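Chains, contacts and geometry: an overview
Here are the chains, one letter per residue:
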Amino acid sequence: MTSSAPAATAPLLDLLRARYGDGRITHVERLPARSGTPAPWPGWVPAPLRAALAGRGVAAPWRHQAEAASLARDGRHVVVATGTASGKSLAYQLPVLSRLLTDPRSTGLYLAPTKALAADQLRAVTALELPRIRAACYDGDTPREEREWIRAHARFVLTNPDMLHWGILPGNRQWRLFLKQLAYVVVDEIHAYRGVFGSHVAHLLRRLRRLTGAPVFVLASATTGDPASTASRLTGLDVTAVTDDASPRGAVTFVLWEPPLLDGSLPRPRPATDDAAPVRRSALAESADLLADAVSHDIRTLAFVRSRRGAEVLASTARGALEAAVPGLGRRVAAYRGGYLPEERRTLEQALQDGRLRGLATTTALELGVDLVGLDAVVLCGYPGRLASLWQQAGRAGRAGQDALCVLVARDDPLDTYLVHHPAALFGTPVEATVLDPTNPYVLGPQLCAAAAESALTTADIARFGGQPAADAIAVLTAAGALRRRPTGWYWTRSGRPDLDLRGTGGGPVAVVEGASGRLLGTVDGGSAHFLVHPGAVYLHQGVSYVVDTLDLDDAVALVHPETPQWYTHARDTTDLSVVDVRSAHDAGPVSLFLGTVDVTNQVVSYQRRVIGSGRVIGTYPLDLPERQLRTVAVWFTISPEALTSAGVEPAEVPGALHAAEHAAIGLLPLVATCDRWDIGGLSTAMHPDTAAPTIFVYDGHPGGAGFAERAHAAAWQWLSATRDVIAQCPCETGCPSCVQSPKCGNGNQPLAKTDAVRALAVVLSTLAHDPGSTPAAATL
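Our subject in this report is the structure included herewith. Quick caveat: nothing in here was measured; it's all calculated off a predicted structure.

Reading the values: rules and limits
- Sequence order as written defines the numbering, with residues in each chain counted from 1.
- In view of the model being predicted, local features appear only for residues whose pLDDT reaches at least 70, and side-chain atom pairs are presented and counted only at 80 or more, with totals across whole chains, interfaces and linings using the full set of residues.
- Processing note: side-chain calculations cover all non-hydrogen atoms of the structure and skip hydrogens and water entirely.
- In what follows, salt bridge is the name for a side-chain nitrogen of Lys or Arg lying within 4 Å of a carboxyl oxygen of Asp or Glu.
- Working definition: helices are DSSP H or I runs of at least four residues, strands are E runs of at least two. Numbering for both runs from the N terminus.
- Relative accessibility under 20% of the residue-type maximum defines a buried residue, over 50% an exposed one, and the middle range a partly exposed one, all with a 1.4 Å probe and only protein chains included.
- Of the two site types, the cavity is a set of points on a 1 Å grid over the protein atoms alone where a 1.4 Å probe fits but cannot get out, and the pocket is an open set with protein on both sides within 12 Å along at least five of seven lines, each lined by residues with an atom within 4 Å of a point.
- Grid points are joined across faces, edges and corners, and a volume is the space filled by probe spheres set on the points.
- The residue classification treats Ala, Val, Leu, Ile, Met, Phe, Trp, Tyr, Cys and Pro as nonpolar and Asp, Glu, Lys and Arg as charged. All others, Gly included, are polar.
- Any two residues whose heavy atoms approach within 4.5 Å at even a single point are treated as in contact.

To continue, consider the pattern of salt bridges. Pairs can form between side chains of opposite charge once their charged atoms are near each other. A full pass over the atoms with the stated rule returns 28 salt bridges. In this structure, Arg63 engages Asp244 in a salt bridge whose closest nitrogen and oxygen atoms are separated by 2.8 Å. With a gap of 181 residues between them, Arg63 in helix α3 (residues 63-73) and Asp244 in the loop between β8 (240-242) and β9 (252-257) connect regions that are remote in the sequence. Residue class for Arg63 comes out partly exposed when judged on its relative accessible area of 37%. Of the charged contacts in the structure, one is a salt bridge between Arg759 and Asp756, with a shortest N-O distance of 2.7 Å. Here the residue Arg759 and the residue Asp756 both occupy positions in helix α25 (residues 754-769), the gap between them amounting to three residues, near one helical turn. On the accessibility criterion, Arg759 (35% relative accessible area) is partly exposed.

Glancing now at empty space enclosed by the protein. This structure, assessed with the given rule, holds two cavities of 30 Å³ or more. Taken as a whole, the largest cavity holds about 100 Å³ of empty space. Lining the largest cavity are 12 residues, with Leu16, Leu290, Ala294, Ala377 and Leu405 positioned closest to its centre. Taken together, the elements giving at least two residues each to the lining of the largest cavity come down to α1 (10-20), α11 (283-296), β13 (377-381) and β14 (404-409). Considering only residue class, the lining of the largest cavity consists of 11 nonpolar, no polar and one charged.

Another aspect to go through is the environment of Leu483. Note that Leu483 resides in strand β15 (residues 483-486). Exposure remark for Leu483: the relative accessible area of 3% places this residue in the buried category. A C-alpha to C-alpha distance of 7.8 Å links Leu483 and Ala452, two positions 31 residues apart in sequence. Ignoring any residue separated from it by four or fewer positions in sequence, one finds Leu483 in contact with Ala452, Leu457, Ile474, Leu477, Thr478, Trp490, Tyr491, Trp492 and Thr493.

Structure (structure tokens):
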């Protein structure tokens, strides 16, 4: 562990050490302050814009801002990929606003992945008080009476991919003049466009391009691997990258934090199947303590947590601790997450901006570039799954050149345990490239239908949408009757809009409604509804708990009533998998490695009530919910029974060995792919009917795949080596959440055989390492 921190952030770190000692801190990384390199204003920037920016404290652009802006001004598509708070906004504001000021006919379009970011950018543009710009947000929160004015008069429209898909492109005749005069398209935070969502957005931008002239694309991204390639895949255009960050940065102290093992005499959440398993204090409880400590010392702090429920629990716990210490102080902490009503989000954003709130527990809803000035610290409740997200979240503190503290609190799972003990995997590793696959047939087909519904597809569109895969998809859609070929192109034949799940969430949102009053509390994603709002589920909203009475999937409504039970709920599910086809097969003798298409059938069959605090299961209750089908891409490997026996794995222990290895492999996959464990699923079996061998499957959790399984297949050696090491190095005897137990397991983490999992993985790695034809192993050895 390094010995000291920069002086400006030392008091924050001293507070943690005084409160908790050094036992929880596994590593302290010091990122030194950096001075900025300014550049002169480009000569083409109009004087009114320079004056307005100077009035907002911008004396001159940083070098990377001027470089990116000048490339865009010269008609080059450009992506600026620099660190958080490096001023990427100015890089696209300069060319866009300059054009709007000097050409009264031109228009500009800004796309952000979240409403909050678009609203923040609108505030920044409006604050410049420039004449004739007429900027406006056009999203799902925009009142209908304002939408007609925006279509007719706005010259700079800020929106998101959802509204572009549902509102602007289908209504392109109403937007005809705006689209015809479109000079610039800004695509912000492109590192967020990954997997299925990113693949959809790639086609969405192609649909936009075919309805416009030739606008210049200006893209912005957090630091990421190969930003030019990512931007080119996203837009279908040649894009130049600007990556040399010339902005100043305050010093950052980055602390890796591992919660302590709970003493055996204390109540502790442990799996019902293994009373001997050592368990650490939960990352949620630790993060809540850190947030409360920070707020009590007037340190403005964001705490990021993976799930909506986690954000509610973390905020509620911190509020309780603060109220116990100083009555009334708990009001300085709140939760912020997706699913809140628009007015709730706006109120929370304003309260954080003006200082009424000093602490906020948030999901990734606040990860992106909303300008939160004056934050001192960030607490990450668990590794967010990707290095790009880690640095984006960490960068929320210390904006405007201030020093900052970031604390990564490890969850009790294999990946987090690995990372806090291998800091080089965080601080010495390049940020991963964004994974997206526009050729995914479950994305490409619906997007071609949507394009045809907007304007007939032509032969020129085939190249725009991917060449041969697009031609094949059009042929299939024509044969199915969805498209009709005419001399002028292919036309959409149906009366309604094509069915398209843009964000890959598993369907439209489910409304959560208080049954007695009819009040809408919020929404949950359709794909999560079976797990989060099944009958009997405990649902949290702004610190108030509700219990679900009914879930109507046809009407997409969950009815709830307020209740404060002494338990929380955990859904349990079953999964079946069958192999559809094999894309790649490598036979290394006793071990074979595959990549292919699979059909996955999943059903939530019951839920458990678990006591708050201890996690003790007090009841299991059946559910009657429908099965859900998923055709996707998987990587899998088989091990011969003889090889397992030779390695010391007895036949009776094979199911537990494979199950344990599967859990750990899912947990470690984010090391090599831009996913987190909730993007993927797995299945293991001692004898699968399609492989006739002991098999472990890991599959993408999105229709058609999201590119994660392909990456796992390509980096199999690195992935499985890390998996084996995490299990082998964990000090527990029989398996614990830090190595082989999974919070997602539908089988209650039964059976698990930790030692035999290491033996099974050793067979796989040894076989692949000694096989000269094993490309995945050799490529990453």
